[in-house]
Amino acid sequence: MVIGAAGQIGRPAVNALARDGWAVTAASRSGGRDAAWPEGVRTVRLDREDGDALARVVGDGCDVLVDMVAFGAAHARQLTALADRIGSAVVISSVSVYEDGRGRGFDTQERPDGFPEYPVPLPETQRTVAPGEATYSTRKVALERELLAAGDRLPATVLRAGAVHGPHCRSPRELYFVKRNLDGRGRRVLAYGGASRFHPASVHNLAELIRLAAARPGSRVLNACDAEAPTVASIAAAIDAVMGVRTETVSVDGPPPAPRVGETPWSVPRPVVVDMSAAERELGYRPVVGYADSLPETVASIADRLAGTDWRTAYPKMAQAYGDLFDYAAEDAWLGA
């Protein structure tokens, strides 16, 4: 059973599991079906907040429950309450749960000096923020702790995903460069010398990790990212190549030189690069796609969604998270000065 099956990770995960021989029930709020799924996939409607509805969908039981949308201790308790009917679980978390040796994490950053300074690569043994209900990261930690504490009753693999990318993403960081190219912006400014690295995670690689974890039940936490963590300058160049454009890059040492100038969704003053050796060792994980190779379908998906639509309407979560990503007037003023 896959909860959140109609989402960006759920779609390829259902496909990977079904093609691996599982009888899959795809549960989502819409109850929709992806065109790529085999005919044998069963679809059901499910409100993730309704514990009774979840119990009804699980029914007499399932060998594996994959949860894309679990968030907070309450959702974890929904799953552990059904431990006698679930063989094992695979649950998506986030690399945002980590904090550095000075207690700095994603939720407490005050850029640039307050941004966490993680080891490179970042292992699963790195400490996390305290669990709680205050922020996205603290709620993800609460989810993890509840699940792992019940490991004797419900083995759960927790996958800490990085910067998720691929089709159907509601907050695609690639939007930043795709829209600029569509708008004919011939120059771009990149803060931190264009060297920022924020480890990406393809939806297809996440689906592969889910497929592997489903076949190897256990109680564990694993980083879940691509093989490589390219710089933001490399990402920009790769998107240019897919779209067949040439763009001049103006690199700026240090933080953005002016508000809304040079800052991208990947722009971080210190690298966020995770260690994937545990997933390789415990699951035999090998990425099924590289970042650059995955870009054509991502770019096409974004361009199709933007066609004839304001970007804020197409991607409201991006507008909420980043504000005005495309303040061309501010950029031109800085470049002109």
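An unreviewed UniProt entry lists the chain under the name NAD(P)-dependent oxidoreductase, with Streptomyces sp. 900105245 as the source organism.

Next up on the list: the overall build of the chain. When helices and strands are tallied, the chain shows twelve helices and eleven strands. C-alpha atoms of the chain, sized along the principal axes, occupy 65 × 45 × 35 Å. A sequence separation of at least 24 residues applies to 76% of the contacts in the chain between residues at least 6 apart. About 14,200 Å² of surface is accessible on the chain, with carbon and sulfur atoms providing 48% of the total. The chain carries 38 positive and 42 negative side-chain charges, and their two centres are separated by 2 Å.

As summarised here, the arrangement of the seven strands in space is 3-2-1-4-5-6-10, forming an open sheet in which the pairing is parallel. Each edge of the open sheet carries a strand with a single partner, namely strand 3 (42–45) and strand 10 (220–224). Bridge count for strand 2 (residues 25–28) against strand 3 is four bridges, and the pairing is parallel. Each residue of the ladder has a partner; that of Ala26, found in strand 3, is Thr43. Here helix 4 (residues 136–149) sits on the sheet and contacts strand 5 (86–94), strand 6 (156–161) and strand 10; the angle it forms with strand 5, its principal contact strand, is near 160°.

Its 16 residues give helix 9 (residues 291–306) an end-to-end C-alpha distance of 22 Å, which sits within 8% of 22 Å, the value for a rise of 1.5 Å per residue. Its maximal kink placed at Glu297, helix 9 deviates by approximately 30°. Tucked inside the fold, the buried residues of helix 9 contact strand 7 (163–165), helix 5 (175–182), strand 9 (200–202), helix 7 (232–243) and helix 10 (311–314). Directly beyond the C-terminal end of helix 9, a positive phi value near 70° is found at Gly308.

Most of strand 10 is tucked away, with five of its five residues classed as buried. Here strand 10 shows two buried faces, one formed by Arg220, Leu222 and Ala224 and the other by Val221 and Asn223.

So, about the nonpolar core. Core analysis: the biggest nonpolar cluster contains 75 residues, and Phe177, Leu209 and Ile210 have the highest contact counts within it. Examining the composition of this core, we find that eight residues originate from one element, helix 6 (residues 203–215), more than from any other. With residues near it in sequence (within four places) discarded, Phe177 still touches Arg188, Leu190, Val232, Ile235, Ala236, Ile239, Thr264 and Trp266. The next biggest cluster of nonpolar side chains, apart from the first, holds 26 residues, and it includes Leu54, Leu65, Ala83 and Ala156.

All right, on to the side chain of Ser88 then. Following the sequence through the fold, Ser88 ends up in strand 5. Those residues in contact with Ser88 that lie beyond four places of it in its chain are Asp63, Val64, Leu65, Leu154, Pro155 and Pro217.

Let us now look at the environment of Ala23. Along the chain, Ala23 falls in the loop between helix 1 (10–19) and strand 2. Sequence spacing of Ala23 and Gly40 is 17 residues, and the spatial spacing of their C-alpha atoms is 7.3 Å.

Turning our eyes to something else, we now look at unusual backbone geometry. Following Val120, the chain continues into Pro121 via a peptide bond in cis, with omega recorded as 0°. Relative to the assigned elements, Pro121 resides in the loop between strand 5 and helix 4. Look at Tyr192: it is not a glycine, yet its phi comes out positive at around 55°. Here Tyr192 shows up in the loop between strand 8 (187–190) and strand 9.

Each regular strand carries side chains that alternate between the two faces of the sheet. Of all nine residues in strand 5, eight are buried; the element is thus mostly enclosed. Once you follow strand 4 (residues 62–67) into helix 3 (residues 73–80) and on to strand 5, the crossover reads as right-handed.

What follows deals with the packing of helix 3 against helix 4. Their axes nearest at 7 Å, the elements helix 3 and helix 4 cross at an angle of 25°. By the angle between their axes, helix 3 is roughly parallel relative to helix 4. Considering how the two elements wind past one another, helix 3 and helix 4 form a crossing that is right-handed. Along its contact with helix 3, which presents Ala73, Ala76, Arg77, Leu79 and Thr80, the element helix 4 presents Arg139, Ala142, Leu143, Glu146 and Leu147. Here the contact of helix 3 with helix 4 is composed, by residue class, of six nonpolar, one polar and three charged.

Another aspect to go through is the packing of aromatic side chains. Applying the stated rule across the entire model yields nine aromatic pairs. Pairing Phe106 with Phe198 gives two aromatic rings, centres 5.7 Å apart and planes at 65°, and the pair type is edge-to-face. Taken together, the residues Phe106 in the loop between strand 5 and helix 4 and Phe198 in the loop between strand 8 and strand 9 connect sequence positions 92 residues apart. For the pair Phe106 and Phe198, a shared accessibility class is recorded, and that class is buried. Arranged with centres 5.1 Å apart and planes meeting at 80°, the rings of Trp311 and Phe326 form a pair that is edge-to-face. Pair noted here: Trp311 is in helix 10 and Phe326 is in the loop between helix 11 (316–322) and helix 12 (328–336), with a separation of 15 residues, a long-range link.

Cut-offs applied
- Residues numbered from 1 in each chain as written.
- Predicted model: local features only at pLDDT ≥ 70, side-chain atom pairs only at ≥ 80, totals over all residues.
- Heavy atoms only, no water.
- Helix = DSSP H or I, 4+ residues; strand = E, 2+ residues; numbered from the N terminus.
- Contact = heavy atoms within 4.5 Å.
- Areas by Shrake-Rupley, 256 points an atom, 1.4 Å probe, with all protein chains shown as cover.
- Lys, Arg positive; Asp, Glu negative; His and termini not counted.
- Charge placed at Lys NZ, Arg CZ, Asp CG, Glu CD.
- Pairing = 2+ DSSP bridges.
- Axes fitted to C-alpha atoms, helices over the stretch in contact; angles between N-to-C directions.
- Expected span 1.5 Å × (residues − 1).
- Bend = angle between axes of the 7 residues up to and from the residue.
- Buried < 20%, exposed > 50% of the residue type's maximum accessible area, 1.4 Å probe, protein only.
- Core = buried A, V, L, I, M, F, W, Y, C linked by side-chain atoms within 4.5 Å.
- Right-handed = clockwise from strand over helix to strand, strands pointing away.
- Parallel < 35°, antiparallel > 145°, perpendicular 65-115°, else oblique.
- Left-handed = near helix turned anticlockwise from the far one by under 90°.
- Nonpolar A, V, L, I, M, F, W, Y, C, P; charged D, E, K, R; others polar.
- Phe/Tyr/Trp six-rings, centres within 6.5 Å; stacked < 30°, edge-to-face > 60°.

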